[in-house]
Every structure is written in structure tokens, then in C-alpha cells.
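Examining the three-dimensional arrangement
As a plain string of letters, each chain reads:
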Amino acid sequence: MNGNRFHLYNSNKISKNLRRCRRISRMCVIGIMAILLVLAWDAAPVQAAKLPALKVKGTQLVNARGKKVQLKGVSTHGMSWYPEYVNQKAFTQMKKKWGINAVRLAVYTSEYNGYCTGDASNRKALEKRIDQGVQYATKAGLYVIIDWHILSDGNPRTYEKQAAAFFRKMASKYKNHTNVLYEICNEPNGGTSWETIRTYAKKIVKTIRAKDKKAVIIIGTPTWSQDVDIAADSPLKGYKNLMYSLHFYAGTHGEYLREKAQTALDKGLPLFVSEFGISEASGNGGLGKEEGGKWMKFLKKNKISYMGWSLCNKEESSALIKPSCKKTSGWSSRDLTPWGKWLLKQFK
């Protein structure tokens, strides 16, 4: 073979190989960049929701323009026990199909695997579920309540130090989220006085406000959040955007509790029904649909927000999902309990 032709042949061959290598390199770079982009997306922190920030004006929850807002939604059950219902598909379905605009994340404090009674790994798991819940709610376009769910502990001061640390962490993390509300003591009970609750609330509200200046904070009231009229006599002073919990179960609570609520409203106390049902107060028993209807008229008339208890398939009449249904999203009407079907009609 002629030497010049040999060198020309080799040069052409090398040039083709170089071009091939460059193409492969570019494809590899593009592939790596795509993988990094996906990883970055997955690891990215939740961005503040585009929902308008809410505030309290008089007894009303309002938006930035002063228009009255009524939040309507559901509460999870304890997230240590029914974590599977905190998922994106469920939250998006409830927003689009059910018509809710808020969800409540119940973090039990004292029961089995409660935030204050479980070990460090359990607390970490609960915090992860809260973060997932906030992410899912944010993506679905929902407001979200982080609920410090005292119940068997009765007195919120029992775990006051833990509550302060918890809400300091939550407020630091979600201070830029316009869709996050804080509920600082679900249902004080066991004879705990409003004076005791007020002392606790003053400390926790101060803790939250050190990090999150404007978010709405919901404060529990005596006797499983029923004695709102007592709280109305001496509410917290010096802070804005505070509301007070009113809880009812229509199978047990009727006109006398609405009268207490009306008294509180007349005294200027902003109320938020952060938990209710139409079963008996135990969470079980028969459904008081007629009394439930009276309650809904009262809430509508006064533009009071409400969260139905609870998103799970527990075998009790206050669960929204039938015990036989194992789905954690994609529910049809036949998957819902009578209470679940009743509640969905109220959202429409």
C-alpha cells in the first residue's frame, strides 16, 4: 500500500473515531445532567405554596383582600397508626374530587408511639411524615394544619417543653409557607382550666412568633375544646391571627354547645372547628345526621372553618373509609362509610 494512502486512510479512521467519541461523550454528559436534574428535583425543599396567606379579622378568617374564607377539609387519624393515608394521590383526589381546601395532620403526643412517648426514631419518622404531608398538601393546593394532638395527656403543660421545641422546629421550617397553620393543643380535658391552657398557649404562641410572624395559630379550649365561652372571657392579648378550637360530635353535642359557641362569637372570639363528626363523642355509635345538619347551618351562617374526623378505615363510625376498603386513594362512593358520604355532600 502506498505510504501516503496509508497515512490518509489512518487519518480518516482516527478522525471518524474522534467524532464518534465526541458524540458518545456528549450523550454521556447529557445523560448525567438529566440524572442530576431528577435527583435535584427529588431533593429540592418544598417551595412556599402559592395559596394566599390567611389572617384573622374580628371573628373571621380572611385573605389578604379581607374577603371571608371558610376552610373545609378532613383530619388524618394519628399518623403513627395510619400513615398510609398521607400521600399525594389521596390529597389531590380530595382537593379535585371531594372539594376540600384544607387538611389536618394529627400528631398524637401521648398515646402509643406518640411524639412524646415514642423513641427518637419514632419522632424522626413523625417529623418526616409531617414534612411529606406539607409537601403533598402544597402540591395539591391545600392549606395544612399541623396539629399537636393532646388527648390522654389532658393538660397541655404535661409536655410543654417538648411542644415548645416541636413548634420552634416547625415554625422555622415552614415560616415561608403561606398555606401552613399551627394547632397547639387539640383537646385539653380532665378538668384542665382555661387559665392553665392560656399559660401554655402564651408560651407556645411566643415560640412560634419568634420564627413565623403571621401564620394562623389555633388554640384549644377546656373540656375537649368545647368551653369556648370561657376562653372568650380572657383570650390571649398582644398577638394577631389567633383562633380558638371548637370541637363537636353531633351524636352527642347539640343546641347547648351551639349556644356556647354563639356566646363566644358575640364576645368577639374567632372560632375554628378543627375537628368534628356526626357520631357520638367516643368516635363510635350512631350518626346524628339531623343534628349534624343544624351544625352545618350554624357553621355556614358564621363562616366557621371545619375539619371532619378522620381519614382512615378504622372500624368505627367516625372513620371516612370503610374497614373493608384497603385503598389509600382513588376511592369511589362505595368505599366510603355513611359518615364519609354525608361529609362529602357538605363540601359541595
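Residues numbered from 1 in each chain as written. Predicted model: local features only at pLDDT ≥ 70, side-chain atom pairs only at ≥ 80, totals over all residues. Heavy atoms only, no water.

1. Side note on the overall build of the chain
Regarding its fold elements, the chain presents 10 helices and 10 strands. In the chain, which comprises 348 residues, the proportion classed as buried is 51%. In the chain, once contacts between residues fewer than 6 apart in sequence are set aside, the share between residues at least 24 apart is 76%. As presented, the chain carries roughly 17,000 Å² of accessible surface, and 54% of it is formed by carbon and sulfur atoms. (Helix = DSSP H or I, 4+ residues; strand = E, 2+ residues; numbered from the N terminus. Buried < 20%, exposed > 50% of the residue type's maximum accessible area, 1.4 Å probe, protein only. Contact = heavy atoms within 4.5 Å. Areas by Shrake-Rupley, 256 points an atom, 1.4 Å probe, with all protein chains shown as cover.)

2. Details of the nonpolar core
Core analysis: the biggest nonpolar cluster contains 84 residues, and Trp-98, Tyr-182, Ile-184 and Ile-219 have the highest contact counts within it. The contacts of Trp-98, once residues within four sequence positions are left out, are Val-74, Gln-93, Leu-311, Leu-320, Trp-331, Leu-336, Leu-344, Phe-347 and Lys-348. By size, the runner-up hydrophobic cluster in this structure holds 14 residues, among which are Leu-54, Val-69, Leu-71 and Tyr-143. (Core = buried A, V, L, I, M, F, W, Y, C linked by side-chain atoms within 4.5 Å.)

3. Quick look at the sheet that holds strand β5 (residues 143-149)
Whether parallel or antiparallel, the strands of a sheet pair through hydrogen bonds between backbone atoms. Ordered in space as β3-β4-β5-β6-β7-β8-β9-β10, the 8 strands form a closed barrel in which the pairing is parallel. Strand-to-strand twist of the sheet, defined as the mean angle between neighbouring strand axes without regard to direction, takes the value 30°. Against the sheet, helix α4 (residues 160-174) makes contact with β5 and β6 (180-183), and its axis sits at roughly 165° relative to β5, the strand it touches most. (Pairing = 2+ DSSP bridges. Axes fitted to C-alpha atoms, helices over the stretch in contact; angles between N-to-C directions.)

4. Considerations on the confidence of the model for the chain
With 86% of its residues at a pLDDT of 70 or more, the chain has an overall mean of 90. A low-confidence stretch, residues 1-15 stays under pLDDT 50, and its non-local contacts, those more than four residues away or across chains, total 1 contact. Scored below 50 in pLDDT, residues 27-49 makes 11 contacts in the model with residues more than four places away or belonging to other chains. (pLDDT = per-residue confidence, 0-100.)

5. Observations concerning the packing of aromatic side chains
Tallying each qualifying case throughout the model produces 19 aromatic pairs. Taken together, a centroid distance of 5.5 Å and an interplanar angle of 40° make the contact between Trp-98 and Trp-331 tilted. Linking Trp-98 in helix α2 (residues 88-98) with Trp-331 in the loop between β10 (306-311) and α10 (338-347), this pair joins segments that are 233 residues apart in sequence. A relative accessible area of 4% means that Trp-98 is categorised as buried. For Trp-331, a relative accessible area of 6% puts it in the buried group. Each ring, one from Phe-167 and one from Tyr-182, has its centre 6.3 Å from the other, and the planes form 85°; the classification is edge-to-face. Highlighted residues: Phe-167 in helix α4 and Tyr-182 in strand β6, separated in sequence by 15 residues. Each of the two residues, Phe-167 as well as Tyr-182, counts as buried. (Phe/Tyr/Trp six-rings, centres within 6.5 Å; stacked < 30°, edge-to-face > 60°.)

6. Observations regarding the pattern of salt bridges
Evaluated as defined, the whole model comprises 14 salt bridges. A salt bridge links Lys-173 to Asp-131; the shortest N-O distance between them is 3.4 Å. Here Lys-173 is found in helix α4, whereas its partner Asp-131 is found in helix α3 (residues 120-140), with 42 residues between them in sequence. For Lys-173, a relative accessible area of 46% puts it in the partly exposed group. Given the relative accessible area of 16%, Asp-131 is considered buried. Here Lys-260 makes a salt bridge to Asp-227, at a shortest N to O gap of 3.0 Å. Highlighted residues: Lys-260 in helix α8 (residues 255-266) and Asp-227 in the loop between α6 (222-225) and α7 (228-231), separated in sequence by 33 residues. (Salt bridge = Lys/Arg side-chain N within 4 Å of Asp/Glu carboxyl O.)

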